[in-house]
Every structure is written in structure tokens, then in C-alpha cells.
Amino acid sequence: MNSLINKTTSTLSGVILFAFGCVMAGLGLAAISMLALFALATMGIAVLAAPFLAMSQDTSEADEERAVEDTPAAEAPDAPATA
């Protein structure tokens with residue numbers, strides 16, 4: 001009788017340990033999947049925002065070039081200055 005109790009206890013202990021291991025592995029996979037989902041969402045936002053950022057940078061560079069062309073200091077003098 002003692003041997004049967006030992007075998008049953010050992011079997012139940014192994015089953016509980018295996019089930020706990022499966023639960024922990026599932027939690028780990030869920031955490032990694034959540035991080036991957038956040039990474040994909042971040043990539044999606046970056047891809048969607050890239051054209052707008054490029055468009056705003058192009059207009060600011062064009063404004064800077066226009067501002068440099070409009071300043072009087074950028075124009076060359078017509079006649080050399082005489083002292």
C-alpha cells in the first residue's frame with residue numbers, strides 16, 4: 001500500500017510540475033508576442049508618418065533657400081566699391 005501511495009504522489013507531482021511549466025512557457029510566449037505587437041505597431045506608425053515628415057522637411061528647406069535668396073547680403077554688388 002505504501003508503494004502505491006508513493007507512486008501516485010510521484011506521478012501527481014510530475015503532472016503538476018509539467019502543467020506549471022506549460023503555464024510559464026505560455027506566459028513567456030504571451031509576453032514576447034506582446035512586445036512584438038508593440039514593435040509592429042511602432043513600425044506601422046513610422047511608415048505612416050514618414051511621408052508627412054519628408055514633406056515638412058522639404059518645405060522648410062525650400063523656405064530656407066528662398067529666404068537666403070531674398071536677403072540683400074546674398075546679392076552681388078553691381079559696381080566695385082571705391083574708396
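For the structure, check the block above.
Criteria and thresholds
- Counting restarts for each chain: residues are numbered from 1 in the order of the written sequence.
- It should be noted that, the model being predicted, local features are given only for residues of pLDDT at least 70 and side-chain atom pairs only at 80 or more, the latter also being counted only at that level, while totals for whole chains, interfaces and linings use all residues.
- No hydrogens and no water enter the side-chain calculation; it runs on all heavy atoms of the structure.
- For helices the rule is a DSSP run of H or I covering at least 4 residues; for strands it is a run of E covering at least 2, with both sets numbered from the N terminus onward.
- Three labels apply to residues, based on accessible area from a 1.4 Å probe with only protein chains included: buried if under 20% of the type maximum, exposed if over 50%, partly exposed otherwise in between.
- Note on areas: these come from Shrake-Rupley sampling with a 1.4 Å probe, and a residue is covered only by the protein chains present in the view.
- For patches, a residue must show more than 30% relative accessible area and have no salt bridge; joins then use 9 Å for like charges and 5 Å for nonpolar side chains, namely Val, Leu, Ile, Met, Phe, Trp and Tyr.
- Whenever Lys or Arg places a side-chain nitrogen within 4 Å of a carboxyl oxygen from Asp or Glu, that contact is recorded as a salt bridge.

Peer 1: Now, about the overall build of the chain: what can you tell me, with residues and values included?
Peer 2: The secondary structure content of the chain amounts to one helix and zero strands. Within the chain, the proportion of its 83 residues that are buried is 0%. Here the chain has roughly 7,500 Å² of accessible surface; of this, 73% comes from carbon and sulfur atoms.

Peer 1: Break down a nonpolar patch on the surface for me, citing the residues and quoting the values.
Peer 2: On the surface, a cluster of nonpolar side chains totalling about 540 Å² of accessible area is made up of Ile-32, Met-34, Leu-35, Leu-37 and Phe-38. Of note, Leu-37 is situated in helix α1 (residues 2-70). The exposure class of Leu-37 is exposed, given its relative accessible area of 51%.

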